[in-house]
Amino acid sequence: MTGLEIWLLAIGLAMDCFAVSIASGIILKRTQWKPMLVMAFAFGLFQAVMPFIGWMFAKNFSHFIESIDHWIAFAILAFLGGRMIWESFKEEEEECCQLFNPASLKVVLTMAIATSIDALAVGISFAFLGVQGYNGILSPILIIGFVSFVLSLIGLIFGIQCGCGLARKLKAELWGGIILVIIGIKILIEHLFFQ
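Quantities reported herein were computed from a predicted structural model and do not represent experimental measurements.

K.L.:
Mind laying out the overall build of the protein chain, listing which residues take part and the relevant values?
P.N.:
Each helix and strand in the protein chain was counted, giving 7 helices and 0 strands. Reading the helices (α) and strands (β) of the protein chain from amino to carboxyl end gives α-α-α-α-α-α-α. Sorting the 195 residues of the protein chain into buried and exposed places 47% on the buried side. Only carbon and sulfur atoms are counted for the fraction: they give 71% of the accessible area of the protein chain, which is about 9900 Å².

In structure tokens:
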């Protein structure tokens, strides 16, 4: 994967964090730096750790399915992206009115795990795409963690400042899903026609 693809992938993965952060910002109502930084750090950390776990798990058997690895990477990214696109069209009223405490560490960790499951699957696809060694995986996971941290902070501030109505119109999950599907299609095309 190129550097641009990794950055786009990181943005796509961070859209769940961004959407949850907007909802959390709406609930917080005012800038509270400690819970905001804790949430953004937790989201960034889990978004970075989960691909590493997925990569570690899958790298041991990726050579067995080398001939179809591009199909697996495509399927994973297309499924995750498709699910994000599908969820972006669901009613979001309950998301904005959901009553949870974004300042609670237990709630933050639960949300961080929930929003990073997609990143675990992407880590598996990294192994299938031939990402080699710890040096090869370090850069992508740092970028994914950094982008998730930054977009989570932006989402929190946006939620505090703008509220739910404008947040719904942005459709962050829709755009994140589209990015993941496009990257999956690009991987498939490259392997089928340019290798």
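Resuming the write-up.
K.L.:
Tell me about the packing of aromatic side chains, and please be specific about residues and values.
P.N.:
Given two aromatic rings, one states the distance between the centres and the angle between the planes to describe the pair. Using the criterion set out here, one finds 5 aromatic pairs in the structure. Consider the rings of W7 and F146, whose centres lie 6.4 Å apart with planes at 85 degrees: the pair is edge-to-face. Of the two residues, W7 sits in helix α1 (residues 3–28) while F146 sits in helix α6 (residues 133–170), which places them 139 residues apart along the sequence. Ring pairing ties together the aromatic residues F52, W55 and Y134, which thus form one cluster.

K.L.:
Could you give me a rundown of the nonpolar core, with the residues and numbers involved?
P.N.:
In this structure, L9, L77, V122 and F126 are the most contacted members of the largest nonpolar core, which totals 34 residues. Sorting the residues of this core by element identifies α1, α2 (33–59), α3 (69–88), α5 (105–128), α6 and α7 (172–193) as the ones contributing at least two each. Here this core takes 9 residues from α1, the largest share from any one element. C17, F43, M111 and L153 belong to the second-largest nonpolar core, a separate cluster that totals 13 residues.

K.L.:
Describe α5, and please don't skip the residues or the numbers.
P.N.:
Given a rise of 1.5 Å per residue, 24 residues ought to cover 34 Å, and the 35 Å separating the end C-alpha atoms of α5 matches this to within 8%. Immediately beyond the C-terminal end of α5, within one or two residues, lies G130, with a positive phi of roughly 85 degrees.

K.L.:
Go over the environment of L109, please, and point to the residues and values.
P.N.:
Inspection of the secondary structure puts L109 in helix α5. Separated by 66 residues in the primary sequence, L109 and F43 have C-alpha atoms spaced 8.1 Å apart.

K.L.:
Please provide a residue-by-residue account of the packing of α2 against α5, values included.
P.N.:
The contact between α2 and α5 brings their axes to 6 Å, and the two run at 35 degrees. When you trace α2 past α5, the crossing you get is right-handed. For the contact of α2 with α5, the residue count by class is 22 nonpolar, 5 polar and 1 charged.

K.L.:
Could you give an account of the side chain of Q47, with specific residues and numbers?
P.N.:
Topologically, Q47 is positioned in helix α2. Classification of Q47 by relative accessible area gives buried; the value is 0%. Ignoring any residue separated from it by four or fewer positions in sequence, one finds Q47 in contact with L13, A14, C17, T115, S116, A119, I144 and S148.

K.L.:
Can you break down the side chain of S148 residue by residue, with the values?
P.N.:
Tracing the chain through its elements places S148 in helix α6. Judged by relative accessible area, which is 0%, S148 ranks as buried. In terms of polar contacts, S148 uses its side chain to reach the backbone carbonyl oxygen of I144, at 2.9 Å. In contact with S148, other than residues within four places in its own chain, are A14, C17, F43, G44 and Q47.

Analysis parameters
Residues numbered from 1 in each chain as written. Predicted model: local features only at pLDDT ≥ 70, side-chain atom pairs only at ≥ 80, totals over all residues. Heavy atoms only, no water. Helix = DSSP H or I, 4+ residues; strand = E, 2+ residues; numbered from the N terminus. Buried < 20%, exposed > 50% of the residue type's maximum accessible area, 1.4 Å probe, protein only. Areas by Shrake-Rupley, 256 points an atom, 1.4 Å probe, with all protein chains shown as cover. Phe/Tyr/Trp six-rings, centres within 6.5 Å; stacked < 30°, edge-to-face > 60°. Core = buried A, V, L, I, M, F, W, Y, C linked by side-chain atoms within 4.5 Å. Expected span 1.5 Å × (residues − 1). Axes fitted to C-alpha atoms, helices over the stretch in contact; angles between N-to-C directions. Left-handed = near helix turned anticlockwise from the far one by under 90°. Nonpolar A, V, L, I, M, F, W, Y, C, P; charged D, E, K, R; others polar. Contact = heavy atoms within 4.5 Å. Polar contact = N/O pair within 3.5 Å; in protein donor to acceptor, adjacent residues only side chain to side chain.

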